[in-house]
Amino acid sequence: MSSRRPVLATITEPARQIDVIHDTDVLVVGSGPAGLAAALATARAGVDVTLVERFGCYGGNITTVGVEGLAWYRHEHTVEANGIGREYETRAFEMGAAVPESQSQSYEVDAEGFKLVADALVEEAGIHGMLHRAFAAPIMDGDDVVGVITESKAGREAIRAKRVIDCTGDADVAFRAGAPTHHTPREQMMAVSVMFHLAGVDKKRFTAGVAADPQTYADWNSGAGTDWNIETSGKEDTMFSPFLKKPFEQAIRDGLIPAHLTTIAGTWGAIHDSGELTYMNLVHLDGLDGTDPDDLTRGEIEGRRQVLHAIEALRRYTPGCEYARLRNFGMTVGVRDTRKIDAVYDMTEADVREQGRFDDSIGIYPEFIDGYGILILPTTGRYFQLPYRNVLPQRVGNLLVAGRSSGGDRVSHAATRNMSCCAVLGQGAGIAAAQSLHQGVGLRDVSIAAVQA
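Now for a look at the structure at hand. (Residues numbered from 1 in each chain as written. Predicted model: local features only at pLDDT ≥ 70, side-chain atom pairs only at ≥ 80, totals over all residues. Heavy atoms only, no water.)

**Quick look at the overall build of the protein chain**
Counting its secondary structure elements, the protein chain contains 12 helices and 23 strands. In terms of overall size, the protein chain behaves like a compact globule, its C-alpha atoms giving a radius of gyration of 22 Å where 453 residues would be expected to give roughly 22 Å. Taken over 453 residues, the protein chain has a buried fraction of 57%. Accessible surface, the protein chain: about 18,300 Å² in total, of which carbon and sulfur atoms supply 50%. Here the protein chain contributes 43 positively and 60 negatively charged side chains, and the mean placements of these two sets differ by 3 Å. (Helix = DSSP H or I, 4+ residues; strand = E, 2+ residues; numbered from the N terminus. Rg over C-alpha atoms; globule rule 2.2 N^0.38 Å. Buried < 20%, exposed > 50% of the residue type's maximum accessible area, 1.4 Å probe, protein only. Areas by Shrake-Rupley, 256 points an atom, 1.4 Å probe, with all protein chains shown as cover. Lys, Arg positive; Asp, Glu negative; His and termini not counted. Charge placed at Lys NZ, Arg CZ, Asp CG, Glu CD.)

**A look at the sheet that holds strand β14 (residues 270–271)**
The four strands are arranged β14-β15-β11-β17 in an open sheet whose pairing can be described as antiparallel. The two strands at the open ends of the sheet, each matched to only one other strand, are β14 and β17 (325–329). In terms of strand pairing, β14 meets strand β15 (residues 277–280) through two bridges, oriented antiparallel. By the bridge assignment, Ile-271 is partnered in β15 with Leu-277. (Pairing = 2+ DSSP bridges.)

**Things to note about the nonpolar core**
Grouped together as the largest cluster of nonpolar side chains are 80 residues, with contacts concentrated most on Val-28, Tyr-88, Phe-114, Ile-165, Tyr-388 and Leu-400. Broken down by element, this core gets its largest block of residues, 10 residues, from helix α11 (residues 419–439). Residues within four places of Tyr-388 in sequence aside, it is in contact with Asp-360, Ile-362, Leu-400, Ala-432, Leu-443, Val-446 and Ile-448. Counting 29 residues, the second largest nonpolar core, distinct from the first, contains Phe-206, Leu-277, Leu-282 and Ile-311. (Core = buried A, V, L, I, M, F, W, Y, C linked by side-chain atoms within 4.5 Å. Contact = heavy atoms within 4.5 Å.)

**A short note on the side chain of Thr-318**
Structurally, Thr-318 is set in the loop between α8 (293–317) and β17. The class for Thr-318 is buried, based on a relative accessible area of 8%.

**Considering unusual backbone geometry**
Phi at Ala-171 takes a positive value of approximately 55 degrees, unusual for a residue other than glycine. Of note, Asn-398 is a non-glycine position whose phi angle comes to about 70 degrees, a positive value. Counting through the fold element by element, Asn-398 comes out in the loop between β22 (383–387) and β23 (399–401). A relative accessible area of 18% means that Asn-398 is categorised as buried.

**A few points about the packing of helix α7 (residues 246–253) against α8**
Contact geometry for α7 and α8: axes closest at 9 Å, N-to-C directions at 95 degrees. Regarding the angle of α7 to α8, the classification is roughly perpendicular. Contacts from Pro-247, Phe-248, Gln-250 and Ala-251 in α7 reach Ala-310, Ala-313, Leu-314 and Tyr-317 in α8. Split into classes, the residues belonging to the contact of α7 with α8 amount to seven nonpolar, one polar and no charged. (Axes fitted to C-alpha atoms, helices over the stretch in contact; angles between N-to-C directions. Parallel < 35°, antiparallel > 145°, perpendicular 65-115°, else oblique. Nonpolar A, V, L, I, M, F, W, Y, C, P; charged D, E, K, R; others polar.)

Now the structure itself:
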């Protein structure tokens, strides 16, 4: 699955002793929407928890990538999961780090402000946070994961744990522990995104331009054989969408953007009185594997180059953007699709389309599917359940896997990979880990009734 250059040779590292720097009851690896929720749920259930993160902030896609819309699917009749994922929005709003989202009954969370929100949540819960440490390897006792080794400026360090929750997004811990996984072929992966934010936008002129030519979700669809071919249920087609495509089509016709860059299009998040136009999700790069650092290198550089094309087109063809300038990029590209575990139960397309129900449900999620050319919005009260077995990997013990790398097929992934669903899975995994310790049983034997309660 890798496009890395051929191996030139191998070397043998000398054996070495690695210092154990920390012991914990539950160790959560990765602090994105799933990992942060898992750590908070565990701590609030009265269990000692440690949260390891490779960047200098918590929040994952929210903070490091700049994906500020957690619940842009939410409408009047949406049956919402609530829980810690909803708390991200409400707490951010209370702390002045969120504004009403443009297309839904939700908040757009400020990526920079949410760093402070996450800090507060972690501190209040008594979580032991360990930033700037990248996962390097699992510590194994037979088939059980009993900790991890991290790599940082301090070198390699070991953290031991009674339970481990893999929230890396790529099932890194599970994969390296020997759990069965499957990896989406590169040519079938969802595109990665380079998020950016603008300053210098005239809010009055921009909003007048949107009102004069409102876009709908039907405008996402350019038809079969095009770069934007979207299946909907029909009910989405007349709903407003903050969609931008016409400026880039005009720029291609005028020779401002190279003719092959037909994928520049997408949505904006919020327009602020300060002239900031945020959560610009316009640049999508196909054929990149988020587990391959060579692909990530190309994606970062090519994505930033395409952003400059997008900004120039907005200046030329979008009212209010004449003096727009780049405010910032996300810290890293946004990855939607790489490796998933083969779980004890893998979610299916039928589960997410037909309101799947499970005796071991650890949460629900609205009927929201976004990916692989499908867009279904939850406007009619439909929802599906998420089973505990979905975060249980096969063959490896002491480990749960929550977030977008939980088990599932292609279309189910287009639902469960969304950040608010990742938070549901993380919260459920955190409660299960805590309950297994309270009950003195393994993760496979935990009382589901106690977890649900």
